[in-house]
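The residues making up each chain are set out below.
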Amino acid sequence: MATKRLASGDVLNVLTDDDDHFTRVYGQTLIKTESLEVARLLLPAGKHIAEHQVTGELTLQCLSGAVSLHIAQEERQLNAGDWVFLAGNVRHSLHAQSDSVLLLSLLLNSKRANAR
C-alpha cells in the first residue's frame, strides 16, 4: 500500500488503528527532507528488526505496544509513551513483545545540520 508523504502543514493521527498491517513488519515514511526523515513503524508481536546502525542521530517513540530495544549488550524496554534517543552509528535491534506502533525520527546529513 503506497501512502503519499505529508506536505508542510498536513495533519496525521499516528495512533490510527491499522490492524491490516500487523501481519508483517511495515514502515511508512511520513516525511523526508534533506535533513529529516520521520517514519511510522508497525511491528507485530514476536517480530524483530535485525541489528543495524544508521549514520544520523535518531529518536524512537513507542506509541503503542511494547518492544525490546537491544543496544550492544544491553536491553531496554519501551512501552507506550516511552521515547529514546540514539547517537549516530549505534548498533541496535528491536523485538516486539506485542503488536507495536513506533515513531522514528532520523536526522540526515547530521554534519551539515550541526554546523550552524
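Our structure is the block above this text.
Quick notes on the rules
Residues numbered from 1 in each chain as written. Predicted model: local features only at pLDDT ≥ 70, side-chain atom pairs only at ≥ 80, totals over all residues. Heavy atoms only, no water. 1 Å grid on protein atoms, 1.4 Å probe; cavity = no way out; pocket = protein on both sides within 12 Å on 5 of 7 lines; lining within 4 Å. Points joined across faces, edges and corners; volume = space filled by probe spheres on them. Helix = DSSP H or I, 4+ residues; strand = E, 2+ residues; numbered from the N terminus. Buried < 20%, exposed > 50% of the residue type's maximum accessible area, 1.4 Å probe, protein only. Pairing = 2+ DSSP bridges. Salt bridge = Lys/Arg side-chain N within 4 Å of Asp/Glu carboxyl O. Contact = heavy atoms within 4.5 Å. Axes fitted to C-alpha atoms, helices over the stretch in contact; angles between N-to-C directions.

**Considerations on the layout of surface pockets**
Which parts of space are left empty comes out when a probe the size of a water molecule is rolled across the atoms.
Part 1: As a volume, the largest pocket reaches approximately 160 Å³.
Part 2: Listed by contribution, the elements that provide at least two residues to the lining of the largest pocket are strand S3 (48-52), strand S4 (58-64), strand S7 (83-86), strand S8 (92-96) and strand S9 (100-107).

**Section: the pairing of strand S2 (residues 36-43)**
Part 1: The element S2 is largely enclosed, with a buried count of seven among its eight residues.
Part 2: Pairing of strand S1 (residues 26-32) with S2 involves six bridges; the strand directions are antiparallel. Bridge pairing in S2 links Tyr26 to Leu42.
Part 3: Where S1 folds back on S2, the antiparallel hairpin that results is connected by three residues.
Part 4: Bridge count for S2 against S9 is eight bridges, and the pairing is antiparallel. Of the residues in S9, the one forming a bridge with Glu37 is Leu106.

**Observations concerning the pattern of salt bridges**
Part 1: Applying the stated rule across the entire model yields three salt bridges.
Part 2: Glu37 serves as the salt-bridge partner of Lys32, at 3.9 Å between the closest nitrogen and oxygen.
Part 3: Look at Lys32 and you get partly exposed, because its relative accessible area is 47%.
Part 4: The exposure class assigned to Glu37 is buried, which follows from its relative accessible area of 18%.
Part 5: As a salt-bridge pair, Glu74 and Arg76 come within 2.6 Å of each other at their nearest N and O atoms.

**Describing the environment of Ser105**
Part 1: Its location among the elements puts Ser105 in strand S9.
Part 2: Overall, the relative accessible area of 23% leaves Ser105 in the partly exposed class.
Part 3: Separated by 45 residues in the primary sequence, Ser105 and Leu60 have C-alpha atoms spaced 6.5 Å apart.
Part 4: Once you skip the residues sitting within four places of it in the chain, Ser105 turns out to touch Glu37, Val38, Glu57, Leu58 and Thr59.

**What about the sheet that holds S1?**
Part 1: Read from one edge to the other, the open sheet built from five strands follows the order S1-S2-S9-S4-S7, with strand pairing classed as antiparallel. Every other strand in the sheet has two partners, leaving S1 and S7 as the edge strands with one partner each. Neighbour to neighbour, the strand axes of the sheet diverge by 20° on average, direction disregarded.

**Remarks on the environment of Lys47**
Part 1: When you line up the elements, Lys47 lands in the loop between S2 and S3.
Part 2: When the C-alpha atoms of Lys47 and Ala96 are compared, they prove to be 5.7 Å apart, with 49 residues separating the residues in sequence.

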